[in-house]
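One letter stands for each residue in the lines below.
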Amino acid sequence: MKYFRHSVEQLKIAYQLIRWTVIIIPVSLLVGSLVALFLWLLEQVTLIREEHGWLLYLLPLAGILIYFLYKKLGGKAEAGNNLIMDEIHEPGGGVPARMAPLVLATTIITHLFGGSAGREGTAVQIGGSMANMLARWMRLSLADVRIILMAGIAAGFGAVFGTPLTGAVFALEVLAIGLIRYDALIPCLIAAVFADIVCSAWGIRHTHYQILFDQKNIIFHFVHFDFLLLAKVIAGGIAFGLASYLFSICIHSIKANAKQWIRPAWLIPVAGGIIVIAACHLLGTRDYIGLGVTSPDPGGVSIVSAFSNTPISSWSWLWKLLLTAITLGMGFKGGEVTPLFFIGATLGHTLAVLFGAPVDLFAGLGFIAVFAGATNTPIACTLMGIELFGTSHVLYFAVACFTAYYFSGHAGIYSAQRIAVPKNHDID
């Protein structure tokens, strides 16, 4: 009888896996296709902006357009990623389907006119809103809506960066500090993998990064790391965590103070646009606007150049941090993660020069660790290091991400993220 009950249990599990696969496939098809469209449009408008530099001077007007689009059409959609996370915590009014086209259009506008922003937030909002729309059509229960929303986050994240395993774990880890939700494990993995496949099938190619550093100076054959290098990685992890903290504090403070001191509200993005334009002139470069993955200037600062031995400004990470916090904190749309990659990679480059450490390794560590600290997702970011850079330096990935996670404190870019297990146990 006991064996029979176990057999029935396995059949129920098999049924649930098949059921969720059937539910998730349409989500992956829709989200993967929309993310592919978004990435293609993003590439086109970036090329247009680089060819027509005068577009930057229209950034304040673009901010007004974005403001009124959200005022007239946005409603709850203006809350963005935080709305999706709140709906997962406590399902209620749902995520409006209009969130997807609205955030896609306004992110494209932000990038066309030179705002410093990313793409993850847009992809996650596309995933969450489309997942919620399909959940309504399928008449899913509230418990299932939570799961499909998490799957939507995984699909959007996995497709936009080409990192499906990271996308799946990110969706499980990002909701609450110190807690991973296992009830959506398989749906999130299915969603992320298939969305990435769909996005790639549309011809989208992601930027390839390489860490060429080959560790050779091992004193003991039974220890697979360099003690001195590990100490430098720990020190770097502390710096990456503090940078994460600074970014989170800046973006929330700018948003709060802008609402308090600038009236009427439509002037907030105007002021933000003017500040970005002025900063470009003061710094004498436009390397810190847009995504920052590559630069049209062969000697410019970008994520890609941070992995090379090309000299870059020691303060590049700070300029990108401030311009992104101003752009997103003052009403423009887009994600935070790609700018966090830029901040981390350039800070890692600077630290490598200071420590006498491998530049490409520290750029890669900063790339994932600043993201880990700002989103409080150290496990997902360690996996991202593996998916992007391979397994050779996984110990250093983990040490940098875990250290940054703790030193970023309880600040984070998502206000809807809850504290399940405090980092400091003196906090109740």
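Thresholds applied
- Residues numbered from 1 in each chain as written.
- Predicted model: local features only at pLDDT ≥ 70, side-chain atom pairs only at ≥ 80, totals over all residues.
- Heavy atoms only, no water.
- Helix = DSSP H or I, 4+ residues; strand = E, 2+ residues; numbered from the N terminus.
- Rg over C-alpha atoms; globule rule 2.2 N^0.38 Å.
- Buried < 20%, exposed > 50% of the residue type's maximum accessible area, 1.4 Å probe, protein only.
- Contact = heavy atoms within 4.5 Å.
- Areas by Shrake-Rupley, 256 points an atom, 1.4 Å probe, with all protein chains shown as cover.
- Lys, Arg positive; Asp, Glu negative; His and termini not counted.
- Charge placed at Lys NZ, Arg CZ, Asp CG, Glu CD.
- Salt bridge = Lys/Arg side-chain N within 4 Å of Asp/Glu carboxyl O.
- Expected span 1.5 Å × (residues − 1).
- pLDDT = per-residue confidence, 0-100.
- Patch = residues over 30% accessible without salt bridge, like charges linked within 9 Å, V, L, I, M, F, W, Y side chains within 5 Å.
- Polar contact = N/O pair within 3.5 Å; in protein donor to acceptor, adjacent residues only side chain to side chain.
- UniProt positions renumbered as here; feature names shortened; annotations may be inferred.
- Axes fitted to C-alpha atoms, helices over the stretch in contact; angles between N-to-C directions.
- Left-handed = near helix turned anticlockwise from the far one by under 90°.
- Nonpolar A, V, L, I, M, F, W, Y, C, P; charged D, E, K, R; others polar.
- Phe/Tyr/Trp six-rings, centres within 6.5 Å; stacked < 30°, edge-to-face > 60°.
- Lys NZ or Arg CZ within 6 Å of the ring centre and 35° of its normal.

Q: How should I be thinking about the overall build of the chain in this particular structure?
A: Each helix and strand in the chain was counted, giving 16 helices and two strands. Compactness check: the chain gives a C-alpha radius of gyration of 21 Å against a globular reference of 22 Å for 428 residues, within 12% of the reference. Its C-alpha atoms put the chain at 75 × 65 × 50 Å along the principal axes. Classification of the 428 residues of the chain by burial places 57% in the buried group. A sequence separation of at least 24 residues applies to 78% of the contacts in the chain between residues at least 6 apart. Put simply, the chain shows about 18400 Å² of open surface, and 66% of that area lies on carbon and sulfur atoms. Between the averaged position of the 25 positive side-chain charges in the chain and that of its 22 negative side-chain charges there is a distance of 9 Å.

Q: Is there a simple way to explain the pattern of salt bridges in this structure?
A: Opposite charge on two side chains allows them to pair when their charged atoms are near. On inspection of all chains with the given rule, the structure shows three salt bridges. Two residues, arginine 19 and aspartate 144, come together in a salt bridge whose shortest N-O distance is 2.6 Å. Here arginine 19 is found in helix H1 (residues 2-51), whereas its partner aspartate 144 is found in helix H6 (residues 142-161), with 125 residues between them in sequence. When its relative accessible area of 24% is taken as the criterion, arginine 19 is described as partly exposed. We note a salt bridge from glutamate 90 to arginine 418, for which the minimum N-O separation is 3.3 Å. Linking glutamate 90 in the loop between helix H3 (81-89) and helix H4 (99-112) with arginine 418 in strand S2 (residues 418-419), this pair joins segments that are 328 residues apart in sequence.

Q: What exactly am I supposed to notice about H4 here?
A: What sets the pattern is the α-helix's 3.6 residues per turn: residues three or four places apart point alike. Its 14 residues give H4 an end-to-end C-alpha distance of 20 Å, which sits within 8% of 20 Å, the value for a rise of 1.5 Å per residue. When you tally the buried positions in H4, you get 12 out of 14 residues, the bulk of the element. Those residues of H4 lying buried are Met99, Ala100, Leu102, Val103, Leu104, Thr106, Thr107, Ile108, Ile109, Thr110, His111 and Leu112. Residue glycine 114 follows H4 closely and has a positive phi angle near 100°.

Q: Is there a simple way to think about the confidence of the model for the chain in this case?
A: Atomic detail in the predicted coordinates should be set aside for any region of low pLDDT. Of the residues in the chain, 95% reach a pLDDT of 70 or more, and the chain-wide mean stands at 93. Element-level mean pLDDT values for the chain span from 89 in H1 up to 98 in helix H12 (residues 316-329).

Q: Looking at this model, I keep getting lost on the environment of alanine 195. Mind explaining?
A: Considering the arrangement of structural elements, one finds alanine 195 in helix H8 (residues 185-201). Sequence separation between alanine 195 and alanine 243 is 48 residues; the distance between their C-alpha atoms is 31 Å. What alanine 195 contacts, discounting residues up to four positions off in sequence, is Ser28, Gly32, Ala155 and Ala159.

Q: Any chance you could explain a nonpolar patch on the surface here in plain terms?
A: A cluster of nonpolar side chains, Ile13, Leu17, Tyr182, Leu185 and Ile186, forms an exposed patch at the surface whose accessible area comes to about 460 Å². Structurally, isoleucine 13 is set in helix H1. Judged by its relative accessible area of 41%, isoleucine 13 is partly exposed.

Q: Sorry, what's going on with the side chain of serine 244 here?
A: Note that serine 244 resides in helix H9 (residues 227-261). A relative accessible area of 0% means that serine 244 is categorised as buried. Of note is the side chain of serine 244, whose polar atom sits 2.7 Å from the backbone oxygen of valine 370.

Q: I tried to follow the UniProt feature "transmembrane region" (unreviewed entry) in the chain on my own but got confused; where do I start?
A: Per the UniProt entry, the sites bearing "transmembrane region" (unreviewed entry) are residues 20-42, 54-70, 147-172, 184-204, 225-254, 266-284, 341-374 and 386-407 in this numbering. Here residues 20-42 runs as 100% helix and 0% strand, with 32 Å between its end C-alpha atoms.

Q: Would you mind going over the packing of H9 against helix H16 (residues 394-407) with me for this structure?
A: Describing two packed helices takes the angle between their axes plus the distance from one axis to the other. For the pair H9 and H16, interaxial distance at closest approach is 7 Å and the crossing angle is 35°. Crossing handedness for the pair H9 and H16: right-handed. Counted together, Leu229, Leu230, Val233, Ile234, Gly237, Ile238, Phe240, Gly241 and Leu242 of H9 and Tyr396, Val399, Ala400, Thr403, Ala404 and Phe407 of H16 form the full contact between these two elements. Residue classes in the contact of H9 with H16 are distributed as 12 nonpolar, three polar and no charged.

Q: So what exactly am I meant to see when it comes to the packing of aromatic side chains here?
A: Each aromatic ring pair is characterised by the separation of its centres together with the angle its planes make. A complete count under the given rule lists 18 aromatic pairs for this structure. Between the aromatic rings of phenylalanine 341 and phenylalanine 367, the centroid separation amounts to 4.0 Å while the plane-to-plane angle is 10°, which identifies the pairing as stacked. Of this pair, phenylalanine 341 sits in helix H13 (residues 337-355) while phenylalanine 367 sits in helix H14 (residues 359-375), placing them 26 residues apart in sequence. On the basis of relative accessible area, phenylalanine 341 is assigned to the buried category, the value being 3%. One aromatic cluster in this structure is built from Phe157, Phe161, Phe170, Tyr209, Phe307, Phe341, Phe367, Phe371, Phe389 and Phe397. Sitting above the plane of the tyrosine 70 ring, lysine 333 keeps its charged end 4.4 Å from the centroid. Above the face of the tyrosine 405 ring, lysine 423 is positioned so that its terminal group lies 4.1 Å from the ring centre.

Q: Help me understand helix H15 (residues 378-389), please; the structure alone is not making it clear to me.
A: Between its first and last C-alpha, H15 extends 16 Å over 12 residues, near the 16 Å set by a 1.5 Å rise per residue. Of all 12 residues making up H15, nine are buried, and the element is well covered by its neighbours. Structurally, H15 contributes buried residues whose contacts are with H6, helix H7 (164-173), H13, H14 and H16.

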